[in-house]
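Chain and residue survey
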Amino acid sequence: MSDPNKEFDGIKQSDNPLPAWWVWVWLGSILFAVVYAIYFHGFSSWGTGEQYAEQVQEYEKDFPQKTNVVASKDGVNPFRGDEKAIVAGQATFQTYCVACHGPTGEGLVGPNLMDKEWLHGNTDAEIYQEIMKGIGPDKAKLGRGPMPPHENTLGSEKVYQVMAWLASRNPNLKPSK
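None of the values given here were measured: they were computed from a predicted structure. (Residues numbered from 1 in each chain as written. Predicted model: local features only at pLDDT ≥ 70, side-chain atom pairs only at ≥ 80, totals over all residues. Heavy atoms only, no water.)

Another aspect to go through is the pattern of salt bridges. This model, assessed by the stated rule, comprises 2 salt bridges. The salt bridge involving Arg80 is made with Asp124; its shortest N-O contact spans 2.9 Å. In this pair, Arg80 is assigned in the loop between helix 2 (48-62) and helix 3 (83-101) and Asp124 in helix 4 (residues 124-133), connecting sequence segments 44 residues apart. Residue Lys133 pairs with Glu151 through a salt bridge whose shortest N-O separation is 2.6 Å. Of this pair, Lys133 sits in helix 4 while Glu151 sits in the loop between helix 4 and helix 5 (155-169), and the two are 18 residues apart along the sequence. Classification of Lys133 as partly exposed rests on a relative accessible area of 46%. Of the residues examined, Glu151 reaches a relative accessible area of 34% and is grouped as partly exposed. (Salt bridge = Lys/Arg side-chain N within 4 Å of Asp/Glu carboxyl O. Helix = DSSP H or I, 4+ residues; strand = E, 2+ residues; numbered from the N terminus. Buried < 20%, exposed > 50% of the residue type's maximum accessible area, 1.4 Å probe, protein only.)

A few words on the environment of Gln94. By the secondary structure assignment, Gln94 is in helix 3. Between the alpha carbons of Gln94 and Pro148 there is a distance of 16 Å; along the sequence they are 54 residues apart.

Right, let's get into the side chain of Thr123. Among the secondary structure elements, Thr123 is positioned in the loop between helix 3 and helix 4. Look at Thr123 and you get buried, because its relative accessible area is 5%. Side chain to side chain, Thr123 and Glu126 meet in a polar contact 3.0 Å long. (Polar contact = N/O pair within 3.5 Å; in protein donor to acceptor, adjacent residues only side chain to side chain.)

What follows covers the packing of aromatic side chains. On inspection of all chains with the given rule, the structure shows 4 aromatic pairs. With 6.0 Å between their ring centres and 15° between their planes, Tyr36 and Phe40 make a pair best called stacked. With Tyr36 and Phe40 both in helix 1 (residues 20-42) and 4 residues apart, the pair spans about one turn of that helix. Look at Tyr36 and you get partly exposed, because its relative accessible area is 47%. (Phe/Tyr/Trp six-rings, centres within 6.5 Å; stacked < 30°, edge-to-face > 60°.)

To continue, consider helix 5. With 15 residues, helix 5 extends 22 Å between its outermost C-alpha atoms, agreeing within 8% with the 21 Å of an ideal straight helix rising 1.5 Å per residue. Buried residues along helix 5 sit in contact with helix 3 and helix 4. (Expected span 1.5 Å × (residues − 1). Contact = heavy atoms within 4.5 Å.)

Right, let's talk about a negative patch on the surface for a bit. A surface patch of negative charge is lined by Glu50, Glu54, Glu58 and Asp62. Considering the arrangement of structural elements, one finds Asp62 in helix 2. Residue classification places Asp62 among the exposed positions, given a relative accessible area of 52%. (Patch = residues over 30% accessible without salt bridge, like charges linked within 9 Å, V, L, I, M, F, W, Y side chains within 5 Å. Areas by Shrake-Rupley, 256 points an atom, 1.4 Å probe, with all protein chains shown as cover. Lys, Arg positive; Asp, Glu negative; His and termini not counted. Charge placed at Lys NZ, Arg CZ, Asp CG, Glu CD.)

Below, the discussion takes up the domain arrangement of the protein chain. Structurally, the protein chain comprises domain 1 (7-62) and domain 2 (83-169). In this structure, domain 1 and domain 2 have C-alpha centres spaced 52 Å apart. (Domains from an automatic or database assignment.)

Structural data, given as structure tokens:
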């Protein structure tokens, strides 16, 4: 038979039973959980499906879905000259683009966006395509690094806003050919 009062590393362990009140609280909580689960899933008219549907309706009311921004057929940026879009584009540029293109767009790892030379085209349609699809290492020019695609990270609206900001700062970004 083993000794109920074991000692390990100078710490004495006693094999005392739990207090009766603690055992009753533990058993009561298990019983409550079983009864509650049976009632909630079997007899209650309130369910998580209805709650989820209500929350979705509230969310859609508070945050209506925006329609996708589509460029005109000739490839011109629909936000060109829109002051709100230019301000939003500058904020997006400062968040996502500044690491490679610098705080003023004059280039770091990525090319200078404020000069007359555009490495991958200088029209709205060309620049939109380059931003959305990215520039791989095989297409990088003048020792500048590749650019990741921003199709999923920014989406059309934010890309067009950034382009509107660029066009407001650099007249060499042309609306179309």
